[in-house]
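Coordinates in review
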Amino acid sequence: MIKEKKDFIIMGIETSCDDTAVAIVKNGREILADKIISSATEQAKFGGVVPEIASRAHTEAILDATKQALKESNLTFNDIDGFAVTYGAGLLGALLVGVSFAKGLSYATNKPLIPVNHIRGHISAAYLQDKNLQPPFITLLVSGGHTAIIDVKSYDEFEVLGGTLDDAVGEAFDKVARVLGLSYPGGPNIEREAKTGKNSVKLPKMLKGKGGYNFSYSGLKTAVINHVHKLKQKGEEVNIADVACSFQCSAIDVLALKAVKAVKEKKYNTLTIGGGVAANGYLRESLTKACEKEKIKLVLPEKRYCTDNGAMIAAEGSIQFRKKNFADITLNAVASIPLRETLK
Ligand code: KG4
Ligand code: ZN
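Just so it is clear, the structure is predicted and the values come from calculations on it, not from any experiment.

Here we take up the overall build of the protein chain. A count of helices and strands for the protein chain gives eleven helices and ten strands. The globule rule puts the C-alpha radius of gyration for 344 residues at 20 Å, and the 20 Å found for the protein chain is close to it. Seen along its three principal axes, the alpha-carbon backbone of the protein chain occupies a region of about 75 × 45 × 30 Å. The proportion of buried residues among the 344 residues of the protein chain is 55%. Accessible area for the protein chain stands at about 15700 Å²; split by element, carbon and sulfur atoms hold 52% of it. Between the averaged position of the 45 positive side-chain charges in the protein chain and that of its 38 negative side-chain charges there is a distance of 4 Å.

Here is the structure:
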């Protein structure tokens, strides 16, 4: 009888936005290689991601990223047990580069093609950070497209406890950055400015203390825009650092508060975070303090694994690999997937 191989190695491929990312992960937990080639500097010239530039950049970078990942891990395609790829959500043309590339690899090597949902990838980044992490736990998902509190009941069973009623928090960071004349991507630039600023501008704390686990960011965004426009109309100088700091406090405080409340209400002991905004230092500090106080275990993925990366796709791909949830050669990219469908 042939003995079943215990260890398995998955390659994760991510091209949903402006990062061409390829990583190799063992048993869903151990990162053997992790490469990211970003077109963010190129995109910054245009003040945001230009879909066509992203697709072209992926086409140029994807083979290089893959070769570099294999070299870093000292592996060949023979050692890879499956190819996990983000099929959605994201920019259609950008996704198609990764999907087509992964299909080629799967076809040529006769190894499984594993379709991965990008948002589930963000949730699974926590499994790379804490090798013993097991559901159930609460995840605070804060990315460019989503803001939600999710009850992760098992590796494959979720309940959305609440989400944004309008804009996502990352989107608000990017829009406020633009109004303040800060370049793309907005989040890290707001965070940098906020470090030297004071929380002195009165802004609404959206749905703080109400609205259950829901969030709302459009009112906060509008309040910042109105504040800046009023000062400009009066010919007064805008203190960018103070506005950035005040906005950051308003946007983040409510996230930390509601995430901790959810863990307590569900009587869990663990909170994880995922998505680009989880790289924000102020959010990380606020959650650390709140979780210490409430004796909640906090799993904070390294900043690199909060923003888009291939390792999180390989981690989620590993969960699907165990379930033998494979795609065939007709796999296609999907631009938009509602959160509840993503997590069903
Ligand atoms: O998860 P992500 O890389 O892509 C999506 O799946 O959306 O998230 C991107 C978002 C952007 O809105 C970006 O401004 C925000 O994450 N972001 C941050 C920080 N780093 C990235 N927001 C606040 N502070 C940061 N340090
Ligand atoms: Zn993302």
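Before going further, it helps to examine the sheet that holds strand β1 (residues 9–14). Judged by pairing direction, the sheet is mixed, and its five strands sit side by side in the order β3-β2-β1-β4-β5 without closing on themselves. At either end of the open sheet lies a strand with only one pairing partner, and these are β3 (30–38) and β5 (113–117). Adjacent strand axes in the sheet meet at a mean angle of 20 degrees, parallel and antiparallel pairs treated alike. Where strand β2 (residues 19–26) and β3 come together, eight bridges link them in antiparallel fashion.

On to the pattern of salt bridges, then. Inspection of every chain in the model, using the stated rule, returns 16 salt bridges. Here Glu42 makes a salt bridge to Lys45, at a shortest N to O gap of 3.2 Å. According to the relative accessible area criterion, Glu42 is partly exposed, its value standing at 36%. Look at Lys45 and you get exposed, because its relative accessible area is 63%. Arg120 is the partner of Glu316 in a salt bridge, and the nearest nitrogen-oxygen pair spans 4.0 Å. One end of the pair, Glu316, is in helix α10 (residues 310–322); the other, Arg120, is in helix α4 (residues 118–129), and 196 residues separate them in sequence. Accessibility classification places Glu316 together with Arg120 in one group, the buried group. Through salt bridges with shared partners, one network takes in Arg120, Asp156, Glu316 and Lys323.

Here we take up the coordination of the zinc ion (ligand 2). Distances from the zinc ion (ligand 2) to its protein donors, His118 (NE2), His122 (NE2) and Asp308 (OD), fall within 2.0 to 2.1 Å. For the zinc ion (ligand 2), the single-chain donor residues occur in sequence as H-x3-H-x185-D. Placement of His122 in helix α4 and of Asp308 in the loop between β10 (297–299) and α10 is noted, with a sequence separation of 186 residues between them. Of the two residues examined, His122 and Asp308, each falls in the buried class.

Attention now moves to the site of ligand 1. Ligand 1 sits among 18 residues. The nearest are His122, Gly144, Asp174, Glu191 and Gly276. At a separation of 2.6 Å, an oxygen atom of ligand 1 approaches a polar side-chain atom of Asp174. In this structure, Gly187 approaches ligand 1 through a main-chain N or O atom, which is 3.0 Å from an oxygen atom. Relative to its unbound accessible area of 550 Å², ligand 1 is 86% covered by the protein chains.

Calculation criteria
Residues numbered from 1 in each chain as written. Chains lettered and ligands numbered in written order. Predicted model: local features only at pLDDT ≥ 70, side-chain atom pairs only at ≥ 80, totals over all residues. Heavy atoms only, no water. Helix = DSSP H or I, 4+ residues; strand = E, 2+ residues; numbered from the N terminus. Rg over C-alpha atoms; globule rule 2.2 N^0.38 Å. Buried < 20%, exposed > 50% of the residue type's maximum accessible area, 1.4 Å probe, protein only. Areas by Shrake-Rupley, 256 points an atom, 1.4 Å probe, with all protein chains shown as cover. Lys, Arg positive; Asp, Glu negative; His and termini not counted. Charge placed at Lys NZ, Arg CZ, Asp CG, Glu CD. Pairing = 2+ DSSP bridges. Axes fitted to C-alpha atoms, helices over the stretch in contact; angles between N-to-C directions. Salt bridge = Lys/Arg side-chain N within 4 Å of Asp/Glu carboxyl O. Donors = N, O, S within 2.8 Å, 3.2 Å for Na, K, Ca; no water. Near = heavy atom within 4 Å. Polar contact = N/O pair within 3.5 Å; in protein donor to acceptor, adjacent residues only side chain to side chain.

Worth remembering: the numbers are spatial, not functional.
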